[in-house]
Amino acid sequence: MAEQERVVGLERLRLKDVDRVGGKNASLGEMIGQLAAKGIRVPGGFATTAFAYREFLSANGLEQRIRDALANLNIDDVESLARAGSAIRSSMTAAKLPDALVREVEVAYRTLCDGSPETSVAVRSSATAEDLAGASFAGQQETFLNISGLDNVLHAIKEVFASLYNDRAIAYRVHQGFAETPIALSAGVQRMVRSDLGAAGVMFTLDTESGFDGVVFITSSYGLGETVVQGAVNPDEFYVYKRGAQNGRPAILRKNLGAKAIKMIFGDDGCAAASVKTVDVAPSERARFSISDVEIQELARYAIAIENHYESPMDIEWGRDGIDGKLYILQARPETVKSRESGAERLRRFRLKQRSKVLASGRAIGQKIGQGPVRLVKSSAEMDRVKPGDVLVTDMTDPDWEPVMKRATAIITNRGGRTCHAAIIARELGIPAVVGCGDATSALQEDQSVTVSCAEGDTGHVYEGKLDIEVVDVAMDEMPPSPTKIMMNVGNPELAFEFRKLPNEGVGLARLEFIIARSVGVHPKALLEYESQARDLKAQIDERIAGYPSPTEFYVSKIAEGVATIAAAFWPKKVIVRLSDFKSNEYSNLLGGVAYEPHEENPMIGFRGASRYIAPEFYDCFALECMALRRVRDDMEFTNVEVMIPFVRTLAEAEQVVALLKKNGLERGRNELRVIMMCEIPSNAILADRFLEHFDGFSIGSNDMTQLTLAVDRDAGGPISASFDERDDAVKAMLSMAIDACRKAGKYAGICGQGPSDHPDLAQWLVEQKIESISLNPDTVVETWLALAKDNAA
């Protein structure tokens, strides 16, 4: 490439050309030249060079004006920053593009148009310090979409040049240590993908919150992708398991339907001022996912191929053309937050020690907790009101706010998704954010004290008042060997990617009822008999099942998604999934449940567990659970998932339920399936050897075993509550009988009850009994692990 070349076709560029055309344009050229053979489509176009930018500055005498404007500038002084940025931009937009550059742009644009004078293009910025492994520069400069006509393209190029000195861009460069670096700007001119008639979004080749690199995280919404990038819309979200996608298996772990209230489409003119407009999305479209499962998996394969080529976690923008129906990659840059974090040496976890009224909820960013007074900010003109330690609350936070975002202890917005620019910047600054709340600016009051928790899964909550929190630092590189396998009890799949960082040997208890309560919320019978439900109940069900083809498919899919997410997080370690163990009163609390559940005085020893599964009135519900587990194990190939049956009262129930599992495609031994029984009733211990004839081992449920051995209601308060103790000799006798029977039969013996999490001395006793594994609550794993290692040190 000639040193003084002003315009170059994207197809001629490679990553080595960052200093000439910036990171974004160099990356586009790299993908066009190197990844087309893998089926990855990237729209063609051209880029102006750093030489052209510097020539523009020199020809108009702009360098000294810029230096003078930035001299001794305090970027924390918002007003001074705004004055300096405005002065520089005004000088640049008033300047004239050199004739040589205009001629070269004209030739390149005419070639791109290929005989169509009004070809629509995107004009994007690409700075020579942009999209580097250490800093994303996401959204710092301007992008102009649907630009057509040579004059409009030239004007947009000049606007892009000037955007190097947006207030946010100036501040960001200072924060990232690029203030003294001579940076040039390249304008990328690229054929528009007609995603205004289709869909678009962003995807990352890791989970943006936990850093788990086994998934591709995709966001999608209707129309041009700027609404997703800017945080103006709450998009659909999808997690895809890389291993499954590479093996050609169904690999979608989780789907979340976004509100998608608006979309950006082409405007009435090809000039920058009127090239796009925003319109409302029809309710019927909002109730559907914006892309199909086939497209989700295709995007994931593209993302994996790009990541493998770059040998780095990637942040990728994509679009689906509404005319040709094809998927295109629009940008790809290195991911700059999670990929820069240190390895497993130390893990910091935040935990709420108390709860209060939830004032607002949205998508969680950052897995941290922030506290402080609410500062309601209506527009960027009020940004100077934000003081250090405030909780910034606004309708939509975009990169323009970056100069003051670092002052806030937390950020809350009405709109936005987890891949918008604001979310990326919040992660870079280490600030927790709850985005897409919908009503935060009306639900929260100025100066109100709040606690913003992003440490409870995908959903972030804003709690009333300043709550007690705990910050735990775990030194992962100092964990001694454990005398027995330490597994974890995991209920919430949304936390699985984070929990996997803890030292563990897998999941000893994954609770299906938690997934049903949290992700389904409807009684399975009400879904099976959907057509016979009352109109108001149907309306409530319709709202929950939006995006899924049928009520029963919604039920099966949501269970499969939850289980698959946990299985993916811990693969290839074992994940023991306990089938639903709702009591009748808990089932009644699900939507539509009252009509199907008996009233029981003591549901704890009522219609639950195995007796429910084999009951004719519940069989079709149990079949749906089996269908979900079969989908996870057989279709998605998560053979690390094992099945556990709770509350098996009699040998006859044991025989019947195992036969029922086989009838529903979950046969012991087939495809490496183990079927474990919850040992939680005295009859299980007394007849342990005979129960083990039907199962591949026991997982002891110490809670129920204790209450049934001592005849103490585990939920009871008052004087009798002191009698509930898993360390009682009678309870220990039951546990010992069960463990001994497993050892003699050469079968699995574990415990997943609360006891070892609450009582380290019980955990030590279980080690002495030679139990194979102890499954603990995540918050007690490290403490119990260290205690057992110390007690059993040679």
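Residues numbered from 1 in each chain as written. Predicted model: local features only at pLDDT ≥ 70, side-chain atom pairs only at ≥ 80, totals over all residues. Heavy atoms only, no water.

Chemist: Explain the pairing of strand E20 (residues 449–453) residue by residue, including any values.
Modeler: The buried count for E20 comes to 4 of 5 residues, which makes it a mostly enclosed element. With 5 bridges joining them, strand E16 (residues 369–376) and E20 adopt antiparallel strand pairing. Of the residues in E20, the one forming a bridge with Gly372 is Val450. Inspection of the sheet shows E20 paired to strand E21 (residues 459–464) by 4 bridges, in the antiparallel sense. (Buried < 20%, exposed > 50% of the residue type's maximum accessible area, 1.4 Å probe, protein only. Helix = DSSP H or I, 4+ residues; strand = E, 2+ residues; numbered from the N terminus. Pairing = 2+ DSSP bridges.)

Chemist: Describe the side chain of Arg124, with residues and values.
Modeler: Mapped onto the fold, Arg124 is located in strand E3 (residues 121–127). The buried charged residue Arg124 lacks any salt bridge partner; its closest oppositely charged side chain belongs to Glu317, at an N-O distance of 5.0 Å. Of note is the side chain of Arg124, whose polar atom sits 3.0 Å from the side chain of Gln190. In contact with Arg124, other than residues within four places in its own chain, are Lys24, Glu142, Thr143, Leu145, Val160, Ser186, Ala187, Gly188, Gln190, Leu330 and Gln331. (Lys, Arg positive; Asp, Glu negative; His and termini not counted. Salt bridge = Lys/Arg side-chain N within 4 Å of Asp/Glu carboxyl O. Polar contact = N/O pair within 3.5 Å; in protein donor to acceptor, adjacent residues only side chain to side chain. Contact = heavy atoms within 4.5 Å.)

Chemist: Give me empty space enclosed by the protein: which residues, what numbers.
Modeler: By the definition in use, this model includes 5 cavities of 30 Å³ or more. Reported here for the largest cavity is a volume of approximately 140 Å³. Lining the largest cavity are 16 residues, and of these Arg124, Leu145, Ser195, Gly225 and Leu330 lie nearest its centre. Elements represented by at least two residues in the lining of the largest cavity include exactly E3, strand E5 (185–191), strand E6 (199–204) and strand E12 (314–320). Tallied by class, residues from the lining of the largest cavity come to 8 nonpolar, 4 polar and 4 charged. Lining the second largest cavity are 10 residues, with Phe204, Glu335, Thr336, Val337 and Ile424 positioned closest to its centre. Partitioning the lining of the second largest cavity into residue classes produces 4 nonpolar, 3 polar and 3 charged. (1 Å grid on protein atoms, 1.4 Å probe; cavity = no way out; pocket = protein on both sides within 12 Å on 5 of 7 lines; lining within 4 Å. Points joined across faces, edges and corners; volume = space filled by probe spheres on them. Nonpolar A, V, L, I, M, F, W, Y, C, P; charged D, E, K, R; others polar.)

Chemist: Give a detailed account of the sheet that holds strand E30 (residues 773–776), specifying residues and quantitative values.
Modeler: Strands sit in the order E23-E24-E25-E26-E27-E28-E29-E30 around a closed barrel of 8 strands; the barrel is parallel. Across the sheet, the axes of successive neighbouring strands diverge by a mean angle of 30°, strand direction being ignored. As paired strands, strand E23 (residues 485–490) and E30 are joined by 4 bridges and run parallel to one another. Looking at E30, one finds that Ile486 is bridged to Ile774. Taken strand by strand, helix H30 (residues 781–791) contacts E23 and E30, and its axis lies near 160° from that of E23. (Axes fitted to C-alpha atoms, helices over the stretch in contact; angles between N-to-C directions.)

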